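# Fold and geometry: a report
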Amino acid sequence: MKKFIILITTLMFSASIGLLGCAGDSRKTVTSFDMITLTVQGMRGTSVYEIADKDGKTELKRFRKVYSNGEDILELEASAACDTNGFIELMNNCGVIRWDGFHGKHPKNVKDGIMFDFKAAVNDGQNIHADGSENFPKGYRNFVRELDKMLAEYEND
């Protein structure tokens, strides 16, 4: 009976690892990225974050969308150069890879709020797309807070 319980426990553990994708599945973590665009639209305007890997350095920019002469224009608000490995660690800590396919529907009875659209090219060809309205994936708020923190630290140097 004891051997049977050990066998069943081992089989269940092995099956759960296979189902959860542990065992080194690179699709579960970001190992590299090319370009990321995050658009955040709220009552006070629209911010567009562009993050690119440029020769091993991460280039982070935040633009403000303004309407001028009949068209939307992006004006650069802040920019920073960051360590790429640290930025990839941030993406993994926030679970960005799991955001793919997230569509946060606008809650009933909410008249306004914040909308976001996130697009990323990671891991040499894998695309991530998520969007929502006052409904965000796990780790989103921390990710945006850290982007703003990186930009603020650079401005203070």
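To be clear, the structure that these remarks concern was listed above.
Residues numbered from 1 in each chain as written. Predicted model: local features only at pLDDT ≥ 70, side-chain atom pairs only at ≥ 80, totals over all residues. Heavy atoms only, no water.

### As for the side chain of threonine 84
Of note, threonine 84 is situated in helix 2 (residues 84–94). Among all residues touching threonine 84, those that are not within four sequence positions of it are Phe33, Asp53, Gly56, Lys57 and Thr58. (Helix = DSSP H or I, 4+ residues; strand = E, 2+ residues; numbered from the N terminus. Contact = heavy atoms within 4.5 Å.)

### Let's talk about the environment of leucine 90
When you line up the elements, leucine 90 lands in helix 2. For leucine 90, a relative accessible area of 10% gives the class buried. Measuring from C-alpha to C-alpha, the distance between leucine 90 and asparagine 142 comes to 9.3 Å, with 52 residues separating the pair along the chain. Setting aside residues no more than four positions away along its own chain, leucine 90 makes contact with Phe143, Glu146 and Met150. (Buried < 20%, exposed > 50% of the residue type's maximum accessible area, 1.4 Å probe, protein only.)

### Describing the nonpolar core
Grouped together as the largest cluster of nonpolar side chains are 32 residues, with contacts concentrated most on Leu38, Tyr49, Phe87, Met91, Phe118, Phe143 and Leu147. Listed by contribution, the elements that provide at least two residues to this core are strand 1 (33–42), strand 2 (45–54), strand 4 (71–83), helix 2, strand 6 (115–122), strand 7 (126–133) and helix 3 (140–156). Of the residues forming this core, the biggest block, six residues, is contributed by helix 3. When neighbours within four sequence positions are excluded, methionine 91 is seen to be in contact with Val30, Phe33, Ile36, Val96 and Phe143. (Core = buried A, V, L, I, M, F, W, Y, C linked by side-chain atoms within 4.5 Å.)

### Quick word on the sheet that holds strand 6
Pairing between the strands of a sheet is mediated by backbone hydrogen bonds and can be parallel or antiparallel. Read from one edge to the other, the open sheet built from seven strands follows the order 4-3-2-1-6-7-5, with strand pairing classed as mixed. One side of each edge strand has no neighbouring strand; the edge strands of this open sheet are strand 4 and strand 5 (103–104). In terms of strand pairing, strand 3 (residues 57–68) meets strand 4 through 12 bridges, oriented antiparallel. The residue bridging lysine 57 from the neighbouring strand is aspartate 83, located in strand 4. Where helix 2 meets the sheet, it contacts strand 1, strand 2, strand 3 and strand 4, and its direction lies at approximately 55 degrees from that of strand 1. (Pairing = 2+ DSSP bridges. Axes fitted to C-alpha atoms, helices over the stretch in contact; angles between N-to-C directions.)

### A few points about the pairing of strand 7
Each regular strand carries side chains that alternate between the two faces of the sheet. Alignment of strand 5 against strand 7, held across two bridges, turns out to be parallel. Across the sheet, residue glycine 104 finds its bridge partner in strand 7, namely glycine 132. Taken together, the eight bridges between strand 6 and strand 7 define a ladder with antiparallel strand orientation. Residue pairing for strand 7: alanine 120 is matched across the bridge by isoleucine 128.

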